[in-house]
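Remarks on the overall topology
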Amino acid sequence: MIELEGVPELIDPVMVAAFEGWNDAGDAASTAVAHLDREWKGEVFAALDAEDYYDFQVNRPTVFLDNGVRKITWPTTRLSVVRVGGDKPRDLVLVRGIEPSMRWRSFCNELLAFAHELGVEMVVILGALLGDTPHTRPVPVSGVTSDPDLARTMDLEETRYEGPTGIVGILQEACTHAGVPAVSLWAAVPHYVSQPPNPKATLALLNRLEDLIGLRIPLGELPEDARAWQLGVDQLAAEDSEVAEYVQTLEEARDTAELPEASGEAIAREFERYLRRREPGTGPGSGPGVATDGGEFLRDSGSGRTRPPKPEQPGPESVPGAESVPGADAGAEPDEGSAEGSGEGPEESGEPEGSDGEPGK
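1. As for the sheet that holds strand β2 (residues 43–47)
If you trace the eight strands from one edge of the open sheet to the other, you get β2-β5-β6-β1-β7-β10-β8-β9, paired in mixed fashion. If you trace the sheet from one side to the other, it starts and ends with β2 and β9 (157–158), each paired once. Where strand β7 (residues 122–131) and strand β10 (residues 182–190) come together, nine bridges link them in parallel fashion. Bridge pairing in β10 places Ala 128 opposite Ala 187. Relative to β10, helix α6 (residues 199–213) is tilted by about 155 degrees, and along the sheet it contacts β1 (14–20), β6 (90–98), β7, β8 (141–145) and β10.

The structure is reproduced here in structure tokens:
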């Protein structure tokens, strides 16, 4: 265990974690944590020993030159702290790394030891999966927890998923056994544009995280990047009539499924979220680093179309599939008719994989 020297006493700390690989379609989740680290100038205070958790033939170290001197960067997981000011300040402990190759229980226990030492009150784990969702619609984000009290107070789903899982599911279960409240947030990425980056999915995760932890997150250029991404996919899709027809089918299915949600209460809730982001100096966490643009409220161009072959693989852990993937039970993760992960070649492997196409990254 690394001693936490030099880390100040934290204010109502929340741990936010994301891992590259199986749980990170389009690199949406890891990019979200990287955005928080960059915007709030996180300071790294610890790194897990790569020798304990990674297979270096799967996740290879890299060599680089530093003033003519060759150095090596090892694949690992790093922890940093960001201090967020405002009317109701709250600190974040950011965990960003690669899904470990081995010793998952020891890996989670080490992270939870850091959380206990720092007084972390809640753990939020970000993930992204591939699903049957059109790129022209808002990105579905599912919030899931194994804690019934947390599910009730925060209007989240209790996980009912059964099947293969990744480090996100293992860490959430470890939190449950340790008595630490934990939530998983999953963004659904269109399976026909799975290659990273996906700024629209990253933006959706940050918007949902903002609501969950009560902080105004500075979005920077993400809203504009998301619009540019969608326009780019629109242009590519317009060149293929078969793709255009397929995306139109997804749009119709999505709109039909969401019709019951178009209630006055749901619309009012979304409008309140929009106002919180647009009005500076109001709401929790206002002050330094306030976001002034509601990135999730993107205007659809209406011409979106695209798609390579649909992957066939099991869903991720802890995702209420009824919102993200048609045909799944409410409160459960997508079944084997959905897909998750990032990179190419899920059809061959039968399960999600990392951005480099290697399972388990």
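Now that the structure is up, let's keep going.
2. Regarding the pairing of strand β3 (residues 62–66)
Here β3 runs beside strand β4 (residues 69–73); their pairing, made up of five bridges, is antiparallel. Its bridge partner lying in β4, Val 63 is registered against Ile 72. Hairpin remark: β3 followed by β4, antiparallel, with two residues in the connecting loop; positive phi at Asn 67, about 55 degrees.

3. Some words on the packing of aromatic side chains
Pairs of aromatic rings are described using the distance from one ring centre to the other and the angle between the two planes. Applying the stated rule across the entire model yields four aromatic pairs. Where Phe 45 meets Phe 114, the ring centres are 6.2 Å apart and the plane angle is 75 degrees; that geometry is what we call edge-to-face. With Phe 45 in strand β2 and Phe 114 in helix α3 (residues 104–118), the pair connects residues that are 69 residues apart, well separated along the chain. Overall, Phe 45 belongs to the buried group, its relative accessible area being 15%. Take Phe 114: its relative accessible area is 0%, and that puts it in the buried class. Where Phe 56 meets Trp 74, the ring centres are 4.9 Å apart and the plane angle is 55 degrees; that geometry is what we call tilted. Taken together, the positions of Phe 56 in the loop between α2 (50–53) and β3 and Trp 74 in the loop between β4 and β5 (78–84) put the pair 18 residues apart, joining distant regions of the chain. Pairwise contacts between aromatic rings join Phe 19, Tyr 53 and Phe 107 into one cluster.

4. Overview of the layout of surface pockets
In this model, the second largest pocket occupies a volume close to 220 Å³. Together, 15 residues line the second largest pocket, and Glu 20, Thr 76, Arg 78, Arg 96 and Gly 97 are the ones closest to its centre. Of all elements in the fold, only α1 (28–39), β5 and β6 reach the threshold of two or more residues within the lining of the second largest pocket. Here the element with the most residues in the lining of the second largest pocket is β6; it accounts for five residues. Classifying every residue of the lining of the second largest pocket by side-chain character gives eight nonpolar, three polar and four charged.

5. Considerations on the pairing of β8
A large share of β8 lies buried, amounting to five of its five residues. Burial along β8 is two-sided: the residues Val 141, Gly 143 and Thr 145 and Ser 142 and Val 144 are all buried. In terms of strand pairing, β8 meets β10 through five bridges, oriented antiparallel. Bridged to Gly 143 within β10 is Leu 185.

6. Brief notes about the side chain of Thr 76
Tracing the backbone through its elements, the reader meets Thr 76 in the loop between β4 and β5. Of the residues examined, Thr 76 reaches a relative accessible area of 9% and is grouped as buried. Thr 76 has contacts with Leu 48, Ala 50, Tyr 54, Arg 96, Gly 97 and Ile 98, leaving out every residue within four places of it along the chain.

7. Observations concerning α3
For α3, with 15 residues, the first-to-last C-alpha span of 21 Å sits near the 21 Å given by 1.5 Å per residue. For α3, the complete set of buried residues consists of Phe 107, Cys 108, Glu 110, Leu 111, Leu 112, Phe 114, Ala 115 and Leu 118. Positive backbone phi, approximately 75 degrees, marks Gly 119, located one or two places after α3.

Conventions we followed
- Residues numbered from 1 in each chain as written.
- Predicted model: local features only at pLDDT ≥ 70, side-chain atom pairs only at ≥ 80, totals over all residues.
- Heavy atoms only, no water.
- Pairing = 2+ DSSP bridges.
- Helix = DSSP H or I, 4+ residues; strand = E, 2+ residues; numbered from the N terminus.
- Contact = heavy atoms within 4.5 Å.
- Axes fitted to C-alpha atoms, helices over the stretch in contact; angles between N-to-C directions.
- Phe/Tyr/Trp six-rings, centres within 6.5 Å; stacked < 30°, edge-to-face > 60°.
- Buried < 20%, exposed > 50% of the residue type's maximum accessible area, 1.4 Å probe, protein only.
- 1 Å grid on protein atoms, 1.4 Å probe; cavity = no way out; pocket = protein on both sides within 12 Å on 5 of 7 lines; lining within 4 Å.
- Points joined across faces, edges and corners; volume = space filled by probe spheres on them.
- Nonpolar A, V, L, I, M, F, W, Y, C, P; charged D, E, K, R; others polar.
- Expected span 1.5 Å × (residues − 1).

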